[in-house]
Amino acid sequence: MSGALGLALPTLRALGLVAAITVLAFLCIGAVPGDVVDVLALQGDLTADQQAALREEMGVGRPLHERFLAWLGPALRGEFGQSLRFGLPVSELMWNALPTTLKLAGLSFGIGLLLAFVVAVGAIARPRSALPALVQAVNIWSVAVPTFCVGIAAILVFSIWLGWLPVIGNLWVPALILAIDRAGELVKPLYDELKEQQGAPHVRAARAKGLSAWRIGVVHVLPGAVPVLLALSSVGLAGLLGGSLTMEVLFGLPGIGSLTLNAVHGRDWPLLQAVVVLLATGVVLINALADLLHRLVDPRPRR
Amino acid sequence: MMIPDLSRRGLLLGGAALAAPRGALAQPAAPRSGTLKISTLGLDTADPHRHTGSIAVQQAYVEGLTSIAADGSVEPFLAEAFETTHGGRVITLRLREGVRFHDGSAMTSAEVLANFERYRTRIRGGMLAEPMRQAEAVEAPDARTIVVRLKDPYAPFLHLCSEFWVVSPNSPGWDATITRPIGTGPFTFGTWVPNARFHAPAFEQYWQPGKPQLAAVEFDLRESGDPSLALRAGDLHIASVGRDRLTTLSRDPNIRIGKLKDIQWFFVAFNNRNPRAPFDDIRVRRAVAHALDKPGFMRFVAGTDGIVTNQMVIPGNANFDRALHEADPYARPDMDRARALLREAGVDPARIRVEMISWQNSYAQVAAQMVSRLGFQVNHVPLDDIGAQRRAGQYDWDLAVFSSGPRPDVFLRYVRLMSNGPNPVLWGGIQDAELDAMIRAAVAEPDQARRAALYNTAYRRVLERHYFVVLGHSQNLIAQRAEVQGWDPGFTWSPHWASGGIAQVSLGSRARG
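Predicted model, so just to flag it, every value in this text is computed and none were measured. (Residues numbered from 1 in each chain as written. Chains lettered and ligands numbered in written order. Predicted model: local features only at pLDDT ≥ 70, side-chain atom pairs only at ≥ 80, totals over all residues. Heavy atoms only, no water.)

Asker: Explain the overall build of chain A here, please?
Answerer: From N to C terminus, chain A includes 13 helices and zero strands. When the helices and strands of chain A are placed in sequence order, the string is α-α-α-α-α-α-α-α-α-α-α-α-α. Its C-alpha atoms give chain A principal-axis dimensions of roughly 85 × 60 × 25 Å. Of all 303 residues assigned to chain A, the portion counted as buried reaches 45%. Here the analysis covers contacts within chain A between residues at least 6 apart in sequence; of these, 73% occur between residues at least 24 apart. Split by element, the accessible area of chain A, about 15,000 Å² in all, is 70% carbon and sulfur. Of note, chain A has its 21 positive side-chain charges centred 21 Å away from the centre of its 18 negative side-chain charges. (Helix = DSSP H or I, 4+ residues; strand = E, 2+ residues; numbered from the N terminus. Buried < 20%, exposed > 50% of the residue type's maximum accessible area, 1.4 Å probe, protein only. Contact = heavy atoms within 4.5 Å. Areas by Shrake-Rupley, 256 points an atom, 1.4 Å probe, with all protein chains shown as cover. Lys, Arg positive; Asp, Glu negative; His and termini not counted. Charge placed at Lys NZ, Arg CZ, Asp CG, Glu CD.)

Here's what the structure looks like:
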């Protein structure tokens with residue numbers, strides 16, 4: 001496959017995926033009972049006439065395909081319209097929320113990756129220490145303990161009993177909780193991969209040549225584990241973009257997760273649609289980047 | 001020609017003096033300090049005239065012509081006095097002197113008149129759009145007087161003026177949607193991050209001398225999450241909390257629990273717009289009412305604080321009818337009577353599938369269990385707020401379990417029972433021209449005692465027709481930290497009113513237990 005075609009096909013595939021998710025999201029949002037006027041009617045005392053007038057003013061009563069087409073043109077130019085509920089530009093709401101989510105996702109991913117790497121490599125380097133048991137423990141913790149439980153426990157201990165940290169707006173505690181969760185997902189496969197690489201013929205040959213343990217580890221073992229690490233990382237990072245909702249809610253972080261939840265509650269479809277497109281694009285980009293890096297570090301897929 | 005009703009005028013002007021804000025008395029200005037952090041309800045729009053439910057935040061930066069005192073009465077606010085004449089058709093409001101908008105300009109009748117006009121001509125949605133259309137003409141004979149001429153006498157007008165928030169016509173977006181309101185409140189419109197937070201710094205030229213005492217107020221607008229944790233940690237000073245948190249919070253020496261003065265009332269509504277057999281039979285409705293264990297339900301909802309009655313208001317309210325309360329045939333459950341009524345109606349409950357809708361609250365399940373004890377097959381469908389709103393409006397159900405919160409005037413409860421009333425779905429969409437006429441008669445009656453009697457006549461009809469069954473009332477809990485001084489929850493969700501609220505609050509030093 002030529003280089004240009006090799007680049008074009010994944011790009012087209014990614015664009016197709018984003019388009020499919022966009023259409024699917026629109027259909028799903030359209031199927032949800034109720035609209036933003038119901039939200040307003042519920043909160044206030046709107047007569048049937050006032051509700052009808054608002055529906056007309058906001059265009060929420062129009063057929064789904066009409067709404068989609070009216071939304072699509074501006075959306076392709078990056079204009080996502082106004083939030084029906086708050087009357088503010090959707091892009092403003094998203095850009096306000098995005099830094100919080102990126103910070104939380106970035107911090108937890110970075111710390112989680114580092115933790116998983118250190119523990120897995122340490123466990124390989126010192127197989128008779130407690131580190132291999134720690135690999136299992138972190139992995140089981142990640143699978144068995146829900147992050148929101150840890151979050152509530154952390155609030156009780158650090159914020160209420162000890163009074164060290166605030167509850168609202170605290171970024172580090174939720175980042176650490178998510179980091180440990182992420183580390184647990186990464187550490188076991190990474191450890192297993194490193195162990196497998198240790199027994200690989202080229203590593204045995206290096207050992208037979210009398211190379212130092214460090215050189216064998218860094219030059220021959222680690223590169224073999226990078227593809228697995230990349231694949232797991234891309235899944236983990238993509239999950240963090242939209243998956244930190246519980247931490248955002250618990251710690252009062254106004255990120256994309258909270259914004260999505262509120263858009264669903266408020267039947268604010270322009271906001272919800274834009275968030276879905278943003279997240280889908282983010283996930284597709286992360287996966288595309290991971291694919292690209294995978295090709296760079298592992299020549300096999302190119303053959 | 002105006003014919004003043006002197007007794008009423010005297011009463012109101014006297015009341016005005018009594019209700020004069022405490023800050024109006026000369027006192028040395030203390031330096032403002034501290035940021036009060038509150039979490040109660042959200043903010044859905046920056047435009048105070050378009051709000052449909054933002055009744056707990058806007059009052060920080062905008063004020064009404066009147067406000068609702070903690071006992072539910074109307075008190076003067078931006079209007080320092082008011083009088084009702086011509087049999088309730090003319091309302092004259094005397095504006096307070098020295099009130100400034102946040103841009104430094106003075107508030108005069110011209111600005112207030114512009115606000116009336118904006119409500120009457122440009123606002124289609126919002127709480128006050130319809131009441132403001134009751135005004136046939138609004139005039140400003142001088143810089144401090146507003147005269148409202150109503151089409152018909154409209155008694156709730158002054159109560160509703162508590163949510164008639166005066167905004168400077170210089171506010172950005174005045175011609176469409178206000179994006180940055182310039183109000184007269186003790187705090188200014190600062191930074192709003194929807195569904196996250198709203199920060200409002202103190203207004204240096206606020207008209208009440210020495211107020212506010214705080215440097216700023218910050219509202220936590222998150223709709224999800226448990227504010228009790230942040231309250232205990234000291235991240236919030238005042239928060240609305242659920243009763244399931246009461247035990248934990250009561251144990252914390254740094255936290256005091258108060259209650260909103262008006263109530264949340266709980267009811268089971270029948271589908272009145274499109275009733276299906278056998279619930280179109282009054283005997284079946286009576287049977288359901290007999291099966292509902294009101295004391296048990298209210299114990300579940302509010303523990304020992306629950307108030308069991310058959311009315312939309314509680315004892316102590318001017319509209320409460322004690323005789324009607326004491327004659328409630330459903331005050332205690334009576335399953336034998338309920339079964340006898342079903343037999344009399346020829347209904348075998350085992351063959352009836354009851355469609356019951358509600359929000360996703362645990363109390364609705366309790367009501368569903370009570371109905372199912374009669375032997376009905378109850379298909380209880382708990383829906384999220386909007387799903388329930390939509391489903392209720394389809395009128396394809398039999399029973400609905402809902403609740404409704406504090407209101408500045410009892411009219412806002414009765415209006416939901418009118419054929420063309422706002423959002424009638426929770427009460428089964430009553431269509432009853434005679435009831436409408438009774439409510440209109442009450443609304444048109446300027447005298448409070450006679451009005452209460454007329455409202456109660458209308459309510460008797462509601463009870464006779466069994467449009468819904470009131471289960472009882474509870475008060476919303478408002479928890480506050482010990483360092484908050486000068487705060488006691490008001491009648492409604494409003495955080496600021498003439499005789500209380502955040503303008504009077506200061507923050508003391510923080511203690512830890």
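Asker: For this particular structure, what's the right way to read the packing of aromatic side chains?
Answerer: For any pair of aromatic rings, geometry is given as the distance between the ring centres together with the angle between the planes. Residue and element names in this part refer to chain B. Tallied over the full model, the rule gives 32 aromatic pairs over all chains. An angle of 75° between the planes, with centres 5.9 Å apart, marks the rings of Phe297 and Tyr363 as edge-to-face. Here Phe297, found in helix α8 (residues 294-302), pairs with Tyr363, found in helix α11 (residues 362-372); they are 66 residues apart in sequence, far enough to count as distant. By relative accessible area, Tyr363 is classed as buried at 9%. Each residue in the set Trp265, Phe267, Tyr414, Trp427, Tyr455, Tyr459 and Phe468 is aromatic and connected to the rest through ring pairs, giving one cluster. Over the face of the ring belonging to Trp174 we find Arg118, whose NZ or CZ atom lies 5.1 Å from the ring centre. (Phe/Tyr/Trp six-rings, centres within 6.5 Å; stacked < 30°, edge-to-face > 60°. Lys NZ or Arg CZ within 6 Å of the ring centre and 35° of its normal.)

Asker: How do you make sense of a nonpolar patch on the surface when you look at a structure like this?
Answerer: Together, Leu7, Leu289, Leu292, Leu293, Leu296 and Val297 of chain A make up a nonpolar patch on the protein surface, roughly 570 Å² of accessible area in all. Broken down by element, the nonpolar patch gets its largest block of residues, five residues, from helix α13 (residues 269-297) of chain A. (Patch = residues over 30% accessible without salt bridge, like charges linked within 9 Å, V, L, I, M, F, W, Y side chains within 5 Å. Salt bridge = Lys/Arg side-chain N within 4 Å of Asp/Glu carboxyl O.)

Asker: Sorry if this is basic, but what is going on with the packing of helix α5 (residues 90-125) of chain A against α13 of chain A here?
Answerer: Packed helices, taken two at a time, are described by the angle their axes make and the gap between the axes. Residues and elements named next belong to chain A. Contact geometry of α5 with α13 gives a least axis separation of 10 Å together with a crossing angle of 50°. As the angle between them shows, α5 and α13 are arranged oblique. As α5 packs across α13, the resulting crossing turns out to be right-handed. Facing α5, whose interface residues are Val90, Leu93, Met94 and Leu98, α13 presents Pro270, Leu271, Ala274, Val275 and Leu278. Here the contact of α5 with α13 is built from residues that sort into nine nonpolar, no polar and no charged. (Axes fitted to C-alpha atoms, helices over the stretch in contact; angles between N-to-C directions. Parallel < 35°, antiparallel > 145°, perpendicular 65-115°, else oblique. Left-handed = near helix turned anticlockwise from the far one by under 90°. Nonpolar A, V, L, I, M, F, W, Y, C, P; charged D, E, K, R; others polar.)

Asker: What should I look at first to understand the packing of helix α7 (residues 147-161) of chain A against helix α8 (residues 172-198) of chain A in this one?
Answerer: Residue and element names in this part refer to chain A. Closest axis-to-axis distance for the α7/α8 pair is 10 Å, and the angle between their directions is 145°. You can see that α7 and α8 cross each other, and the crossing is right-handed. From α7, Thr147, Val150, Gly151 and Ala154 reach across to α8, where they touch Val173, Ile177, Leu178 and Asp181. Partitioning the contact of α7 with α8 into residue classes produces five nonpolar, two polar and one charged.

Asker: Looking at this structure, I do not really get the sheet that holds strand β13 (residues 238-241) of chain B. What am I missing?
Answerer: Across a sheet, strands are paired by hydrogen bonds formed along the backbone, either parallel or antiparallel in direction. Residues and elements named next belong to chain B. Pairing in this open sheet of seven strands is mixed, and the strands run β10-β11-β12-β1-β13-β20-β14 from one edge to the other. Across the chains shown, the open sheet's two edge strands, defined by having one partner strand only, are β10 (191-193) and β14 (255-259). The average angle at which neighbouring strand axes cross in this sheet is 20°, direction not considered. The sheet contact formed by β13 and strand β20 (residues 477-481) spans four bridges and is antiparallel. Pairing of Ile238 across the sheet is with Gln480, part of β20. (Pairing = 2+ DSSP bridges.)

Asker: Explanation requested: the pairing of strand β8 (residues 145-150) of chain B in the structure shown.
Answerer: Residues and elements named next belong to chain B. Of all the six residues making up β8, five are buried; the element is thus mostly covered by neighbouring parts of the structure. Sheet topology places strand β6 (residues 90-95) next to β8; five bridges connect them, and they run antiparallel. Pairing of Thr92 across the sheet is with Val147, part of β8. Taken together, the five bridges between strand β7 (residues 135-142) and β8 define a ladder with antiparallel strand orientation. Its bridge partner lying in β8, Glu139 is registered against Val147. The hairpin formed by β7 and β8 contains two residues between the paired strands.

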